[in-house]
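The primary structure of each chain is shown beneath.
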Amino acid sequence: MANLALIAELADQLWEADKSCVCVEPLTGRHPELGVDDAYAIQTHNVDRRVAAGAHIQGRKVGLTSRSMQELLGVDEPDFGVLLDDMFVEDGDEISLADMVQPRVEAEMAFVLDCDLAGPGVTTANALAAIGGVLPAIEIVDSRVDDWRIKLVDTVADNASSGKLVLGGRMRKVTELDLRLVGMALSRNGAVIDTGAGAAALGNPARCVAWLANKVAQFQITLRAGDVILPGAVHRMVTVSPGDVFRAEYAHLGAVTARFSNNSEVAT
């Protein structure tokens with residue numbers, strides 16, 4: 001485990017990168033000794049700072065749930081980040097690119113928990129029983145690490161490359177759906193650019209929720225009723241250009257729209 005001074009220093013660098021929209025070099029390139037525990041300590045340092053400044057934790061996201069992304073980063077399990085209230089955008093509202101660093105779009109389902117879910121030992125069946133409802137969602141992932149040159153430690157430290165998220169306005173009960181078979185078509189400016197289905201996330205998005213409950217239990221965290229959980233994307237992430245309008249249409253769930261400003265001064 002890295003010393004506390006280094007944890008604080010690297011957290012400060014990511015904090016300033018977020019505020020200034022000026023990227024930092026990969027942490028792993030400068031400090032190859034960093035481990036995943038160090039990365040979660042850096043993440044927690046900055047989440048605690050945001051909470052101290054008035055933000056509220058509204059849930060968590062799971063990343064790296066597809067086999068292709070795990071192979072890309074050379075890992076064999078997902079990671080997680082924290083969702084704060086200032087990340088949420090209403091369906092169709094304009095998202096300012098001036099507030100983003102290197103945004104990318106990922107469509108996925110979003111779950112709202114109906115009851116607490118505490119690991120260890122949580123199964124997919126337990127997760128399904130705890131999920132109260134399912135919404136269509138678009139996550140806008142972002143990276144404070146230059147050119148997305150990330151390894152697992154880099155993205156975990158950077159709050160799992162979290163940015164913003166848009167939730168649709170229609171919620172369905174999870175008991176009405178086979179999450180594995182819920183299909184999605186993503187369009188950009190009216191043209192379909194990708195498709196996917198729930199099974200892309202660990203075979204079943206509810207399995208991602210079970211993994212999350214068990215993982216955060218290692219940090220003495222319990223998933224709470226009302227938490228929003230993002231289980232992971234069902235397609236490749238897509239770059240964003242000024243003025244883009246993305247629409248994700250889900251079978252049985254309806255659609256959700258992410259609309260970006262025309263501000264072309266996007267950090268690279």
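Residues numbered from 1 in each chain as written. Predicted model: local features only at pLDDT ≥ 70, side-chain atom pairs only at ≥ 80, totals over all residues. Heavy atoms only, no water.

Draft legend 1. Inspection of the sheet that holds strand 4 (residues 94-95) at higher detail. Sheet architecture is open: 5 strands sit in the order 4-13-12-8-9, paired in mixed fashion. In this open sheet, the two strands that pair with only one neighbour each are strand 4 and strand 9 (191-197). Direction of pairing for strand 12 (residues 245-250) relative to strand 13 (residues 254-260): antiparallel, over a ladder of 6 bridges. Opposite Arg-247, over in strand 13, you have Thr-257 as the bridge partner. (Pairing = 2+ DSSP bridges. Helix = DSSP H or I, 4+ residues; strand = E, 2+ residues; numbered from the N terminus.)

Draft legend 2. Molecular detail of the packing of helix 1 (residues 4-20) against helix 3 (residues 36-52). For the pair helix 1 and helix 3, the least separation of the axes is 9 Å and the interaxial angle reads 60°. One finds that helix 1 runs oblique with respect to helix 3. Of the two possible hands of crossing, helix 1 and helix 3 adopt the one that is right-handed. Here helix 1 contributes Ile-7, Ala-8, Leu-10, Ala-11, Asp-12, Leu-14 and Trp-15 to the contact with helix 3, which in turn contributes Asp-38, Ala-41, Ile-42, His-45, Asn-46, Arg-49 and Arg-50. A breakdown of the residues in the contact of helix 1 with helix 3 according to their chemical character gives 8 nonpolar, 2 polar and 4 charged. (Axes fitted to C-alpha atoms, helices over the stretch in contact; angles between N-to-C directions. Parallel < 35°, antiparallel > 145°, perpendicular 65-115°, else oblique. Left-handed = near helix turned anticlockwise from the far one by under 90°. Contact = heavy atoms within 4.5 Å. Nonpolar A, V, L, I, M, F, W, Y, C, P; charged D, E, K, R; others polar.)

Draft legend 3. Local environment of the packing of aromatic side chains. As enumerated under the stated definition, the model contains 4 aromatic pairs in all. A ring pair is formed by Tyr-40 and Phe-80, whose centres lie 4.6 Å apart and whose planes are at 20°; its orientation type is stacked. Here the residue Tyr-40 occupies a position in helix 3, and Phe-80 occupies one in strand 2 (residues 79-84), the gap between them amounting to 40 residues. In this pair, the class of Tyr-40 matches that of Phe-80, namely buried. Where Phe-246 meets Phe-260, the ring centres are 6.0 Å apart and the plane angle is 90°; that geometry is what we call edge-to-face. Here Phe-246, found in strand 12, pairs with Phe-260, found in strand 13; they are 14 residues apart in sequence, far enough to count as distant. Both residues of the pair, Phe-246 and Phe-260, belong to the buried class. The ring of Trp-15 carries Arg-49 above its face, with NZ or CZ at 4.5 Å from the centroid. (Phe/Tyr/Trp six-rings, centres within 6.5 Å; stacked < 30°, edge-to-face > 60°. Buried < 20%, exposed > 50% of the residue type's maximum accessible area, 1.4 Å probe, protein only. Lys NZ or Arg CZ within 6 Å of the ring centre and 35° of its normal.)

Draft legend 4. Here's a closer look at the pairing of strand 7 (residues 164-167). Taking every second residue as pointing to the same face, both faces of strand 7 are buried, with Lys-164 and Val-166 on one and Leu-165 and Leu-167 on the other. The sheet contact formed by strand 3 (residues 88-90) and strand 7 spans 3 bridges and is parallel. The residue bridging Val-89 from the neighbouring strand is Val-166, located in strand 7. Bridge count for strand 6 (residues 131-141) against strand 7 is 4 bridges, and the pairing is antiparallel. Note that in strand 7 the partner of Ile-140 across the bridge is Lys-164.

Draft legend 5. Expanded view of the environment of Leu-10. With respect to the secondary-structure elements, Leu-10 resides in helix 1. The residues contacting Leu-10, other than those within four sequence positions of it, are Leu-27, Arg-30, His-31, Leu-34 and Ile-42.

Draft legend 6. Main features of the state of the cysteines. Scanning all chains against the criterion turns up 0 disulfides. You can see Cys-21 has no disulfide; the closest cysteine sulfur is in Cys-23, sitting 8.5 Å from it. (Disulfide = S-S within 2.5 Å.)

Draft legend 7. Focus on the nonpolar core. In terms of nonpolar packing, the biggest core is built from 71 residues, with Phe-246, Tyr-250 and Phe-260 touching the most fellow members. Here this core gets 8 residues from one element, more than from any other, and that element is helix 7 (residues 205-217). Within the second largest apolar cluster, 14 residues are counted, among which are Val-82, Met-87, Val-112 and Leu-230. (Core = buried A, V, L, I, M, F, W, Y, C linked by side-chain atoms within 4.5 Å.)

Draft legend 8. Inspection of the environment of Leu-6 at higher detail. By the secondary structure assignment, Leu-6 is in helix 1. For the pair Leu-6 and Ala-248, spaced 242 residues apart in sequence, the C-alpha to C-alpha distance is 41 Å. In this view, Leu-6 contacts His-31, Glu-33 and Leu-34; residues no more than four positions away in its chain are not counted.

The values reported here are purely geometric and, on their own, carry no functional implication.
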